[in-house]
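These are the residues of each chain, in order.
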Amino acid sequence: MGPPSSPASAPRRRRTLRPRWAGPLGLYVPGTSWVHRLGAGWKLLALAAVSVVVTWTQQPVVAVCALGAAVAVLMVARVPLRATARTLAPVVVVVLGLGAYQWWARGWQDALVVSAGLLAVIGLATCLTATTRSDQLLEAMTRTAGPLRHVGLRPQTFALAVSLVLRTIPALIDLGWDVRDAARARGLDRSPRALLVPFVLRAVARAHTTADALAARGVLDDDDADSGDDSSGPRSDGGDDGVRAV
């Protein structure tokens with residue numbers, strides 16, 4: 001028999017891949033509930049109404065009722081419990097910390113209003129994105145932002161910006177985990193330089209890639225064309241040859 005293998009020569013156990021974090025607003029989950037069938041515009045209106053009521057009343061009973069309604073809607077929509085809990089865990093920790101500070105500074109009633117109100121709005125927002133396809137949500141936000149056209153902001157640009165924010169936050173968090181894992185593999189997980197420099201460089205590279213993709217689809221060209229319409233000078237003959245934004 002050969003000599004016993006030393007712990008250093010033993011094969012390392014392969015680490016399981018960390019599932020992607022979907023962000024505080026979750027991802028679309030197909031379903032047949034009445035929440036899925038409800039129009040995206042009505043869902044946005046309900047979310048805005050609950051936010052205004054909770055903020056305006058500042059009553060613990062209203063905030064708790066709103067939180068209970070959010071939990072009930074999530075159950076009716078049959079949103080996956082484990083995935084939703086994992087998605088909302090970082091947000092819940094932050095909200096509970098904020099509630100603890102409010103309890104210490106202003107009393108338990110204000111802490112309950114802030115904590116329950118925020119959790120209710122976040123829960124309803126999670127239900128909104130979990131039961132609404134991204135194209136329907138984008139179309140509803142475009143219609144809702146129609147009045148912004150009068151102040152010089154295109155509704156399509158506003159809706160696209162919101163969509164980019166919803167997708168960029170989880171991507172940046174995943175990027176941070178990847179950078180940390182790479183630094184840990186090199187034994188540099190405690191080095192701020194090994195963590196911050198690659199993260200900043202890759203985040204900036206992602207921003208440039210996103211900007212190039214928007215420019216290739218004509219989004220930036222449309223913004224320049226809209227600003228050119230307001231000028232008194234004549235437009236060039238090549239102004240209509242731009243690519244239409246999707």
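See the structure shown above.
Residues numbered from 1 in each chain as written. Predicted model: local features only at pLDDT ≥ 70, side-chain atom pairs only at ≥ 80, totals over all residues. Heavy atoms only, no water.

**Student:** Provide a residue-level description of the overall build of the chain, including the pertinent values.
**Tutor:** Of the regular secondary structure elements, the chain holds 9 helices and 0 strands. The helix and strand sequence of the chain, counted from the amino end, reads α-α-α-α-α-α-α-α-α. Burial status across the chain gives 25% buried among its 246 residues. Long-range pairs, those at least 24 residues apart, make up 71% of the contacts in the chain with a sequence separation of at least 6. Here the chain displays about 16,900 Å² of accessible surface, and carbon together with sulfur accounts for 65% of that area. (Helix = DSSP H or I, 4+ residues; strand = E, 2+ residues; numbered from the N terminus. Buried < 20%, exposed > 50% of the residue type's maximum accessible area, 1.4 Å probe, protein only. Contact = heavy atoms within 4.5 Å. Areas by Shrake-Rupley, 256 points an atom, 1.4 Å probe, with all protein chains shown as cover.)

**Student:** Give a detailed account of the pattern of salt bridges, specifying residues and quantitative values.
**Tutor:** Applying the stated rule across the entire model yields 2 salt bridges. R106 serves as the salt-bridge partner of D110, at 3.3 Å between the closest nitrogen and oxygen. Overall, D110 belongs to the partly exposed group, its relative accessible area being 24%. In this structure, R143 engages E139 in a salt bridge whose closest nitrogen and oxygen atoms are separated by 3.3 Å. Highlighted residues: R143 and E139, both in helix α6 (residues 134–144), separated by 4 residues, approximately one helical turn. (Salt bridge = Lys/Arg side-chain N within 4 Å of Asp/Glu carboxyl O.)

**Student:** Give a detailed account of the packing of helix α2 (residues 40–57) against α6, specifying residues and quantitative values.
**Tutor:** Helix-helix packing: each pair is described by the crossing angle between the helix axes and the interaxial distance. It is at 9 Å that the axes of α2 and α6 come closest, and there the two elements cross at 65 degrees. In this structure, α2 meets α6 at a crossing whose hand is right-handed. Residues A40, G41 and L44 of α2 form the contact with α6, whose participating residues are Q136, L137, A140, M141 and T144. Class assignment of the residues belonging to the contact of α2 with α6 gives a composition of 5 nonpolar, 3 polar and no charged. (Axes fitted to C-alpha atoms, helices over the stretch in contact; angles between N-to-C directions. Left-handed = near helix turned anticlockwise from the far one by under 90°. Nonpolar A, V, L, I, M, F, W, Y, C, P; charged D, E, K, R; others polar.)

**Student:** Let's hear about a nonpolar patch on the surface: which residues, and what values?
**Tutor:** Together, W34, L38, W42, L45 and V76 line one region of the surface with nonpolar side chains, adding up to about 540 Å² of accessible area. Topologically, W34 is positioned in helix α1 (residues 34–37). (Patch = residues over 30% accessible without salt bridge, like charges linked within 9 Å, V, L, I, M, F, W, Y side chains within 5 Å.)

**Student:** Give me the lowdown on the nonpolar core, citing residues and values where you can.
**Tutor:** Among the nonpolar cores identified, the biggest contains 11 residues, and these are A40, L44, L47, A70, L124, A125, L128, L137, A140, M141 and A159. Going through the elements one at a time, α2, α5 (108–130) and α6 are the ones with two or more residues in this core. Dropping the residues within four chain positions of it, L128 is found in contact with A40, K43, L44, L47 and L137. Of all hydrophobic cores here, the second largest spans 6 residues; its members include L74, A77, V79 and C127. (Core = buried A, V, L, I, M, F, W, Y, C linked by side-chain atoms within 4.5 Å.)

**Student:** Lay out α2 in plain terms, naming residues and giving numbers.
**Tutor:** With 18 residues, α2 extends 26 Å from end C-alpha to end C-alpha; this agrees with the ideal 26 Å at 1.5 Å per step. All buried positions along α2 are accounted for by A40, K43, L44, L47 and V54. Viewed along the axis of α2, the buried residues span an arc of 105 degrees, placing them on a single side of the element. Counted as exposed and oriented over 90 degrees from the buried face of α2: W42, V52 and W56. The inward-facing, buried residues of α2 contact α1, α3 (60–76), α5 and α6. Two residues or fewer past α2, Q58 is found with a positive phi of approximately 55 degrees. (Expected span 1.5 Å × (residues − 1). Arc of directions from axis to C-beta.)

**Student:** Residue-level account of the environment of L138, with values.
**Tutor:** Relative to the helices and strands, L138 resides in helix α6. Linking L138 and A159, residues 21 residues apart in sequence, is a C-alpha distance of 5.8 Å. In contact with L138, other than residues within four places in its own chain, are A159, L160 and S163.

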